[in-house]
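# Inside the fold
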Amino acid sequence: MPTEQRLAPSGAPDSPGAPDTSGSGEERAARRTGWAALRPLVLRLHFYAGVLIAPFLLVAAVTGLLYAGSFQAEKVVYADELSVPVGKAERPLSQQVADARKAHPEGKLTAVRPAPRPGDTTRVLLSGAPGVAADHQLAVFVDPYTGNVRGALETYGSTGALPLRTWLDSLHRDLHLGETGRLYSELAASWLWVVAGGGLALWIGRSRRNRKPRALALPDRTATGRRRTLSWHGAVGLWAAAGLVFLSATGLTWSAYAGANIGELRESLGQATPTVSTAVTEHHAGHGGSSGMPGMSGMGDSKGNRSSGSAPADVGIDKVLRTARAQGLGNPVEIGLPTGQGTAYVVKQVQRSWPEKQDALAVDPATGKVTDVSRFADHPVLAKLTRYGIDLHTGTLFGLANQIALAVLALALIFLILWGYRMWWQRRPTRDRGLSFGRPIPRGTWRQVPLTVLIPLVLAVAVVGQLVPLLGMSLVAFLAVDITLGALSRRRRVPATTVD
């Protein structure tokens, strides 16, 4: 975000556009090869990113703040569908499915989520229901004690987001503009770590120069004007920097372009997330059932009718659930039905809170035997870290505490952006200041950076730009604009200046 540094007389070391003439020649050379050489570049990048990318970051922060509160709001808005009075005993899962299909015969039965706790409802998931998006499902909520259907709502994703949270999730992810809209959030995530890291580097440089890191870590309430704004911007940015970098990194893991690159990199390193195989042995391939097909013993067809004796053998969903329990898969679980002949049931744990429950297994519908198992404990390190990172980013890993922390980070980012723009406004042109926006940071400061630092820096930027394409392309665009403005400035014989 836009920032400024402590005022200093022209030509003093604190003036970014003026040479530092203090100390011996060796001391000045050492300073030019260290932070003093890089500071103008970081300052210029922090300013441009703050001015031009901050609107995208502001939208992401506001929508992220709304999403952080959606989990608790969902429990209130959909209380009738989600909870029921605790009864004496639950009905068999197959009967609950039959009750759901009797009330909602539309669509295709794809999965079932048994009630995870006493007082919760069972979710029967249907795909292809009229009026439901292709990548969404219709969740029918069944009272596990009575079989009464409590309602039906559209649901999305592995966390089972209901309409309110789904709408806010899409608003945060793509502004309801589809794949094109995802570019905004990826651009914001691509630059957030750069802006936060640049601001942190400037703060560290300032604290070393002033030798008052503790004082700078808290806002100066005695300051006024720009100094007060800078004090709040710097102090809050310091405390929020690690969280903002984390949000940036985890947000990129499932973005359109950078996310695909990260996925390919993980796969090439053998760190992809394992999945269970749904294929059954050739001996049993002709006996498997499929969702919505007759022959699912104890379960009924897609309309809740009982299976005929001539249908292919199927052990039924009750037997599959008992098998999963025997293998240690505790609640909450989702039972995915076979997708066709020769495929298995897939039972997977869907708990995204700590401790993670992500074990999964496949069950042969003809015999009820386990054909494949995936244990979260055996997942590669990067697969686990990715899972933890995404769940922490979305507010599910630590529940309410996680969601409060995300809300605080979102508010911090909002205020950092507003303070940044306020500093820019406080240094606007006036009659006393002429046409300058502030102390100049000359173009071409990269020439002061030694080649031993500049070459590795350029190579690192090139690699990062290829891995995070929107960062690389927008950075090239910034450079093109800066070069153009510099050329126009020289043609008009007006010194090119900017703000720090």
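For the structure given in this document, a descriptive report is provided here. Treat the numbers as computed from the prediction; the structure is a model and nothing was measured. (Residues numbered from 1 in each chain as written. Predicted model: local features only at pLDDT ≥ 70, side-chain atom pairs only at ≥ 80, totals over all residues. Heavy atoms only, no water.)

## Quick word on unusual backbone geometry
Cis geometry marks the peptide bond from N331 to P332; its omega dihedral reads -5 degrees. The residue P332 is located in the loop between α11 (317–326) and β5 (333–336) in this model. Going from W354 to P355, the amide bond is cis rather than trans, its omega being -5 degrees. Despite not being glycine, L175 has its phi angle at roughly 55 degrees, a positive value. Relative to the elements of secondary structure, L175 occurs in the loop between α6 (163–174) and α7 (182–210). (Helix = DSSP H or I, 4+ residues; strand = E, 2+ residues; numbered from the N terminus.)

## Some points on the packing of aromatic side chains
Applying the stated criterion across every chain, the model contains ten aromatic pairs. For the pair F415 and W419, a centre-to-centre distance of 5.6 Å together with 35 degrees between the ring planes defines the contact as tilted. Placement of both F415 and W419 in helix α13 (residues 399–426) is noted, with a separation of four residues, approximately one turn of the helix. Owing to a relative accessible area of 42%, F415 belongs among the partly exposed residues under this scheme. Three or more aromatic residues joined by ring pairs form one cluster here, namely F47, Y48, Y421 and W424. The ring of F376 has K384 sitting right over it, with the charged end atom 6.0 Å from the ring centre. (Phe/Tyr/Trp six-rings, centres within 6.5 Å; stacked < 30°, edge-to-face > 60°. Buried < 20%, exposed > 50% of the residue type's maximum accessible area, 1.4 Å probe, protein only. Lys NZ or Arg CZ within 6 Å of the ring centre and 35° of its normal.)

## With respect to the side chain of S190
Tracing the backbone through its elements, the reader meets S190 in helix α7. A distance of 2.6 Å separates a polar side-chain atom of S190 from the backbone oxygen of E186. Ignoring sequence-local partners within four residues, the contact set of S190 consists of L252, V468, L470 and L471. (Polar contact = N/O pair within 3.5 Å; in protein donor to acceptor, adjacent residues only side chain to side chain. Contact = heavy atoms within 4.5 Å.)

## Here we look at the pairing of strand β2 (residues 122–127)
Counting buried positions along β2 gives five out of six residues, so the element sits mostly inside the fold. Bridge count between β2 and strand β3 (residues 137–142): five bridges; the pairing is antiparallel. By the bridge assignment for β3, V124 is matched with V140. (Pairing = 2+ DSSP bridges.)

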